[in-house]
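Reading the structure
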Amino acid sequence: MVQPLHLSLDNLLRLWETFQLNYTYIFPIGLIIVILATVYYMSRPRKVYLVDYACYKPPQSYEMPLATFVEKNKPFLGDNKEAVEFVRKVVERSGLGQRTHFPPCFNRIPARATLEDCHEEARNTMFGSLDSLFKQTGLSPKDVDILVVNCSIFCPTPSLSATIVNKYKMRSDIKSFNLGGMGCSAGLISIDLAKDLLQVHPNSNAVVVSIEVISSCMYSGSERAMLLPSCLFRVGGAAIFLSNKRKEKKRAKYSLMHLVRTHKGADDRAYNCIKQMEDSEGIVGVSLSKELTAIAGDALKTNITSFAPLVLPASEQIKFALAFIGRKFINPKWKPYVPDFKKAFDHFCIHAGGRAVINEMQKALKLTDEHVEGSRMALHRFGNTSSSCLWYVLSYGEAKGRMKKGDIVWQIGLGSGFKCNSAVWKCLRTVKTPVDRPWNDCIDSYPVDIPQ
């Protein structure tokens, strides 16, 4: 039987005094907790979401078979049969297919590029990518808070970022940046810059545009090291929509987990392996060193040293650490331990710079042919599109229906300087096979067999 509770006046007074005593402690403690929680919330890294991206698909009229490209080079090479044969062998062994894209100025006889040709190619590539991105996402140009554009060789005034702001009549308070001269790795450098800006500007949208203007890289000489870029580089570009807005997480494809950059510019050999220069006749072009693939492999190893502890499972980290300590303090001649990155990643997007580069990365990371399939097929269909090629590789995986919720993607960018950059993305939802993307008219015919 429950007895009714009788509180005397003295009991009520004692209860009130106890409450007041506790309150003097509870209030400051609670205030401290609220302040600490606020500081933590405000200082923690903001999530960066990749809502969507669009790759530029040039018109069919830009396509040029490899044999036609060789013929277009003959007027420059003249009677130099060795140079003609060199170009022919390079394109045959390059891993590129018959439908890669050149700008219209390459069809002139002889091929030549004016400043207006460069501007036209830049506008077509940038606007083509952005129009597709705005259509796919419903993003209004007025809602873009941050704009980052990268193009290595062509850096006009007004800048390419200003050209975009003018075309789409973007807001006057937009934070725009134009990166030049940073090579094929500039795509991930732009992503890194956008990421940092999104950390300090809450509730913002960022758009990154990565292109290269092939018209400005045209070389009319006959030196072999400077003929290589024309044999490999093709028209291409990409526009990427990033955001730190919580509401965008619902429709975002990926979230950025890590981005690690490595710069080997202090090494003269690495610094000079890709260089714009004049040949012996004073003709300007871009020279690619024979040591390029070896330098790329070395840059990757350095990048892995910083990158591996962030992504590898504990078992692989221990093996990697023990091997590193052994090389450092016991015997420098010990072979470095190559971690099994297949335990950390589901997909690999390697810079499609050329067949030799892809082969070197596959060997260094001990990957299977399936892991580098996207890079090989992107090189075959679109060629080396410089800083945007990683997005064609990722788009290949999406077109094949391989991107599942929870999958982890590793993008590896390589470029002049010499730089190696790594980005890790987590797939937030199973990506449906895109309908209107660069692979939509040919994905069923891939993968193709590429002779070694």
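The following refers to the structure shown. (Residues numbered from 1 in each chain as written. Predicted model: local features only at pLDDT ≥ 70, side-chain atom pairs only at ≥ 80, totals over all residues. Heavy atoms only, no water.)

**Digging into the overall build of the chain**
The number of helices and strands found in the chain is 13 helices and eleven strands. The dimensions of the chain, computed from C-alpha atoms along their principal axes, are 115 × 60 × 40 Å. As presented, the chain carries roughly 22,200 Å² of accessible surface, and 57% of it is formed by carbon and sulfur atoms. Across the chain, the 58 positively charged side chains and the 42 negatively charged ones have centroids separated by 5 Å. (Helix = DSSP H or I, 4+ residues; strand = E, 2+ residues; numbered from the N terminus. Areas by Shrake-Rupley, 256 points an atom, 1.4 Å probe, with all protein chains shown as cover. Lys, Arg positive; Asp, Glu negative; His and termini not counted. Charge placed at Lys NZ, Arg CZ, Asp CG, Glu CD.)

**Section: the sheet that holds strand β9 (residues 347–350)**
Pairing in this open sheet of nine strands is mixed, and the strands run β3-β2-β4-β5-β1-β6-β11-β10-β9 from one edge to the other. Unpaired on one side and paired on the other, β3 (175–179) and β9 mark the two borders of the sheet. Looking at each pair of strands side by side, their axes are set apart by 20° on average, direction ignored. Two elements, strand β6 (residues 254–263) and strand β11 (residues 419–427), share nine bridges in a ladder whose sense is antiparallel. The residue of β11 that forms the bridge with H263 is K419. Sheet strands touched by helix α4 (residues 115–137): β1 (49–55), β2 (146–150), β4 (205–212) and β5 (236–243). Its angle to β5, the strand with the most contacts, is close to 40°. (Pairing = 2+ DSSP bridges. Axes fitted to C-alpha atoms, helices over the stretch in contact; angles between N-to-C directions. Contact = heavy atoms within 4.5 Å.)

**Overview of unusual backbone geometry**
Backbone torsion omega between G417 and F418 reads 0°, so that peptide bond is classified as cis. Cis geometry is adopted by the peptide bond preceding P447, which originates at Y446 and carries an omega value of 5°. Along the chain, the position of P447 falls in the segment after β11. Although it is not a glycine, K169 adopts a positive phi angle of roughly 50°. Among the secondary structure elements, K169 is positioned in the loop between α5 (160–168) and β3. Look at N203: it is not a glycine, yet its phi comes out positive at around 55°. On the secondary structure map, N203 appears in the loop between α6 (186–200) and β4. N203 gets classed as exposed once you look at its relative accessible area, which sits at 56%. (Buried < 20%, exposed > 50% of the residue type's maximum accessible area, 1.4 Å probe, protein only.)

**Here we look at the nonpolar core**
Core analysis: the largest hydrophobic core is formed by 109 residues, its most contacted members being I191, L242, F341, F345, W391, W425 and W439. Here this core gets nine residues from one element, more than from any other, and that element is helix α9 (residues 292–311). F345 has contacts with F307, V311, I408, V409, W410 and V424, leaving out every residue within four places of it along the chain. (Core = buried A, V, L, I, M, F, W, Y, C linked by side-chain atoms within 4.5 Å.)

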